[in-house]
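Results of the structural survey
Read off the chains here:
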Number of protein chains: 2
Amino acid sequence: MSHPLDALIALETAPDSAQIPDGPGPRAVTAQTHPAWANMVGPYGGATAAQALAAVTSDPRAQGRPAALTLNFTAPLADGEMRITVDPVRTNRTNQHWTVQIEQGEDVALTGTVLLATARDTFSETEAQPPAVPQPTDVDPVPFAPGLPWTENYDFRMVSGIPGRPSDSSETIMWVSQIQPRAWDHVSLAAASDAFFPRIFARTGKPSPAGTITYTVYFHAGPGELAEQGEHLLCRARASRFHKGLFDQVGHVWGEDGRLLVTTTQLVYFKGV
Amino acid sequence: MSHPLDALIALETAPDSAQIPDGPGPRAVTAQTHPAWANMVGPYGGATAAQALAAVTSDPRAQGRPAALTLNFTAPLADGEMRITVDPVRTNRTNQHWTVQIEQGEDVALTGTVLLATARDTFSETEAQPPAVPQPTDVDPVPFAPGLPWTENYDFRMVSGIPGRPSDSSETIMWVSQIQPRAWDHVSLAAASDAFFPRIFARTGKPSPAGTITYTVYFHAGPGELAEQGEHLLCRARASRFHKGLFDQVGHVWGEDGRLLVTTTQLVYFKGV
């Protein structure tokens, strides 16, 4: 049985895109929503992000490793097939810029951009150090959202900022790992970096209707550094401001050895007073 | 004489876009680089961001106020004319998603997305509080980068993290205002939120070749709240990790009264060991 992530990113070339353009130009693949990644309405956003990124990284024109992505969730995806169109609009010496769009029928469900980059030797230093927390084996896993299919792909060990408890701070710190182990890569990190529940739950202690509108991930490591990581990711996120139906989230994701792998931000729609 | 920002965002409808689509569909405007906004190579990125955002907000189909933008600088812009194509690919009840692209001839110089949103009454709270700093009138303005035209549009009052001094932290805190006052709006904030010099300068104390590749701004306030602000913005930014030719920047911008106006992130290309 294949890993749930690999099942998710099994893409097929769209019949009208069998010929791959030589250089820039749109190419379409088809993907399917997967029941293991279902959220309350439609698929988990991180799953759709993984599919969008995989459509870029699996394109024969891809040069370099994922460095950044910004994806906008424009409309809920229906269960079933989607069409992902990717286009390497600009290839430079050390980076490559892609546009990405997901459609179902006439509806645009996602827009976005992906940046690939080639490693160069430079000054290297991490400023965002991991918080001092217990080892993952010393924190009990908690049922995160029982019955919500996508959450069953991950093991959540909450260190602080637990949903259901109101707090003066929306900050959550947690260890996250995959229930079925799989070496980390950019596509699986794009999925996992969206695993924070909405910050409004951590702040007010109660669930509210909320959904990510725009999702950005900066990847700080190449494929070798990711594959060396242990299974547990240390994840911290906090909102800066809740106001007039929107809040932001600024998050960081470290490997078990303390190396910073991801800086991630979101803007989220919410209801509730 | 018009304000340098207004001169920058004087856009003209492209001849082939005189007919505005009824609903989604691309529409092109032309803009010019402006000598008052020149950077070392090509225009200041914040100036190009203002032009891209103005192309969206001035489109008759725009609904709501800017909530988020992500712009990717794919190639240096040459001095002269550019073509900005915008498309409202999806309009929902409380938000509207746009794509944006800038071209010069056959070259794609910028890709990106813009989110507009309509205000709704909800829970409201700010978590990212402004740092305790002297009032702007108690900090001396410094020549930021003498001779670099775009910097002459702003008054910079550096509180900490001054370029030219190596530091264990890349954090900079500074007051920024417009030399020629103009009430703040989303377009001028999109320009000003890019006014941080590259974090590598603050960390190592020496300039290195560096350029923003992708730039994200989340706007936390509507037009009324922005227009009420005083002229001075309190700006704080820090890198999370420098590695293999890239670093990120996470920044916040507050008004003089302490209200959080912007959360902004960048991924930046740099050289230097």
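Because the structure is predicted, anything quoted here is derived from the model rather than measured.

Re the overall build of chain A
- For chain A, the count of helices and strands is five helices and 14 strands.
- Rg of the C-alpha trace for chain A: 18 Å, near the compact-globule value of 19 Å for 273 residues, within the 12% margin.
- If one aligns the C-alpha atoms of chain A with their principal axes, the spans along those axes are about 55 × 45 × 40 Å.
- Taken across its 273 residues, chain A has 60% of its residues classed as buried.
- Positive and negative side-chain charges of chain A, numbering 19 and 28 respectively, have mean locations separated by a distance of 8 Å.

A few points about the interface of chain B and chain A
- In this assembly, 70 residues from chain B lie in contact with 70 residues from chain A.
- Broken down residue by residue, the surface that chain B buries against chain A is led by B:Phe123, B:Glu127 and B:Arg241, which jointly contribute 15%.
- Across the contact surface, chain B and chain A share twelve salt bridges.
- A salt bridge links A:Glu225 to B:Arg241; the shortest N-O distance between them is 3.0 Å.
- Bridge analysis of strand β12 (residues 241-243) of chain A against strand β7 (residues 125-126) of chain B gives two bridges, and the strand direction is antiparallel. Bridge pairing in β7(B) places A:Phe242 opposite B:Glu125.

Description of the environment of A:Leu115
- Its location among the elements puts A:Leu115 in strand β6 (residues 107-117).
- For the pair A:Leu115 and A:Glu81, spaced 34 residues apart in sequence, the C-alpha separation works out to 25 Å.

Quick word on the relation of the copies chain B and chain A
- Laying chain B over chain A is done by rotating through 180 degrees and shifting 0.0 Å along the axis; what remains is an RMSD of 0.0 Å. In short, the pair behaves as if placed about a two-fold rotation axis.

Section: the pattern of salt bridges
- The tally for this structure, following the rule as stated, stands at 30 salt bridges over all chains.
- Salt-bridge contacts for A:Glu225 lead to A:Arg259; the nearest nitrogen and oxygen are separated by 3.6 Å. With A:Glu225 in helix α5 (residues 223-227) and A:Arg259 in the loop between β13 (246-254) and β14 (260-270), the pair connects residues that are 34 residues apart, well separated along the chain.
- Close ionic contact of B:Glu228 with B:Arg259 constitutes a salt bridge, the shortest N to O distance being 3.0 Å. Residue B:Glu228 is located in the loop between α5 (223-227) and β11 (233-238), and its partner B:Arg259 is located in the loop between β13 (246-254) and β14 (260-270); the two are separated by 31 residues in the primary sequence.
- Judged by its relative accessible area of 56%, B:Glu228 is exposed.
- It is possible to trace a salt-bridge network through shared partners that takes in A:Glu225, A:Glu228, A:Asp257, A:Arg259 and B:Arg241.

Thoughts on the nonpolar core
- B:Leu69, B:Ile84, B:Trp150, B:Tyr154, B:Phe156 and B:Leu189 are the most contacted members of the largest nonpolar core, which has 67 residues in total.
- Looking at which element gives the most residues to this core, the answer is helix α2 (residues 45-57) of chain B, with eight residues.
- Every residue in contact with B:Phe156, bar those within four places of it in the chain, is listed here: B:Asp140, B:Pro141, B:Val142, B:Phe144, B:Trp150, B:Thr151, B:Met174, B:Trp175, B:Val176 and B:Ala195.
- Formed by 66 residues, the second largest nonpolar core is a distinct cluster that contains A:Trp37, A:Ala50, A:Trp98 and A:Leu261.

Observations regarding the environment of B:Cys235
Residues and elements named next belong to chain B.
- In this structure, cysteine 235 sits in strand β11.
- On the basis of relative accessible area, cysteine 235 is assigned to the buried category, the value being 2%.
- Expressed as a C-alpha distance, the spacing of cysteine 235 and valine 262, which sit 27 residues apart in the sequence, is 9.3 Å.
- The contact partners of cysteine 235, leaving out residues within four places of it in the chain, are Thr172, Ile173, Met174, Val176, Phe196, His252 and Val253.

Points about the pairing of β13(B)
Residue and element names in this part refer to chain B.
- Counting buried residues along β13, nine of its nine residues qualify, which places the element largely inside the surrounding structure.
- Because side chains alternate across β13, one face comprises the buried residues Leu246, Asp248, Val250, His252 and Trp254, and the other comprises Phe247, Gln249, Gly251 and Val253, equally buried.
- When strand β12 (residues 241-243) meets β13, the two strands line up antiparallel, connected through two bridges. Residue pairing across strands places histidine 243 opposite leucine 246, the latter belonging to β13.
- A loop of two residues connects β12 with β13, the two strands running antiparallel in sequence, and lysine 244 in this loop sits at a positive phi of about 50 degrees.
- Here nine bridges tie β13 to β14, and the two strands are oriented antiparallel to one another. Looking across to β14, one finds that aspartate 248 is bridged to leucine 267.

What to know about the pairing of strand β5 (residues 95-104) of chain B
Residues and elements named next belong to chain B.
- Taken across its ten residues, β5 has seven buried, putting it largely inside the fold.
- Alignment of strand β4 (residues 81-91) against β5, held across seven bridges, turns out to be antiparallel. Counterpart to arginine 83 in the pairing with β5 is glutamate 103.
- Where β4 folds back on β5, the antiparallel hairpin that results is connected by three residues.

Looking at the packing of aromatic side chains
- Counted under the stated rule, the structure contains 22 aromatic pairs over all chains.
- When the ring of B:Trp37 is compared with that of B:Tyr44, the centres are 6.1 Å apart and the planes differ by 15 degrees; the resulting orientation is stacked. B:Tyr44 carries the same exposure label as B:Trp37, and that label is buried.
- Taken together through their ring pairs, the aromatic side chains of A:Trp37, A:Tyr44, A:Trp150, A:Tyr154 and A:Phe156 make up a single cluster.
- The ring of A:Phe197 is capped by A:Arg199, whose NZ or CZ atom sits 4.7 Å from the centre of that ring.

Remarks on helix α2 (residues 45-57) of chain A
Residues and elements named next belong to chain A.
- If you check α2, its first and last C-alpha atoms are 18 Å apart, about what 13 residues at 1.5 Å a residue would give, namely 18 Å.
- Among the 13 residues of α2, twelve are classified as buried, and the element is accordingly described as predominantly covered.
- Along α2, the residues classified as buried are Gly45, Gly46, Ala47, Thr48, Ala49, Ala50, Gln51, Ala52, Leu53, Ala54, Ala55 and Val56.

A look at the side chain of B:Arg203
- By secondary structure assignment, the location of B:Arg203 is in helix α4 (residues 199-204).
- Looking at B:Arg203, the relative accessible area reads 12%, which means it is buried.
- Reaching out from B:Arg203, the side chain makes a polar contact with the backbone oxygen of B:Asp168 at a distance of 2.8 Å.
- Beyond its immediate sequence surroundings of up to four residues, B:Arg203 is in contact with A:Phe123, A:Glu125, A:Glu127, B:Pro166, B:Ser167, B:Asp168, B:Ser169, B:Ser170 and B:Phe242.

Reading the values: the criteria
Residues numbered from 1 in each chain as written. Chains lettered and ligands numbered in written order. Predicted model: local features only at pLDDT ≥ 70, side-chain atom pairs only at ≥ 80, totals over all residues. Heavy atoms only, no water. Helix = DSSP H or I, 4+ residues; strand = E, 2+ residues; numbered from the N terminus. Rg over C-alpha atoms; globule rule 2.2 N^0.38 Å. Buried < 20%, exposed > 50% of the residue type's maximum accessible area, 1.4 Å probe, protein only. Lys, Arg positive; Asp, Glu negative; His and termini not counted. Charge placed at Lys NZ, Arg CZ, Asp CG, Glu CD. Contact = heavy atoms within 4.5 Å. Buried area = accessible area lost by both parts, 1.4 Å probe. Salt bridge = Lys/Arg side-chain N within 4 Å of Asp/Glu carboxyl O. Pairing = 2+ DSSP bridges. Least-squares fit on C-alpha atoms with pLDDT ≥ 70 in both. Core = buried A, V, L, I, M, F, W, Y, C linked by side-chain atoms within 4.5 Å. Phe/Tyr/Trp six-rings, centres within 6.5 Å; stacked < 30°, edge-to-face > 60°. Lys NZ or Arg CZ within 6 Å of the ring centre and 35° of its normal. Expected span 1.5 Å × (residues − 1). Polar contact = N/O pair within 3.5 Å; in protein donor to acceptor, adjacent residues only side chain to side chain.

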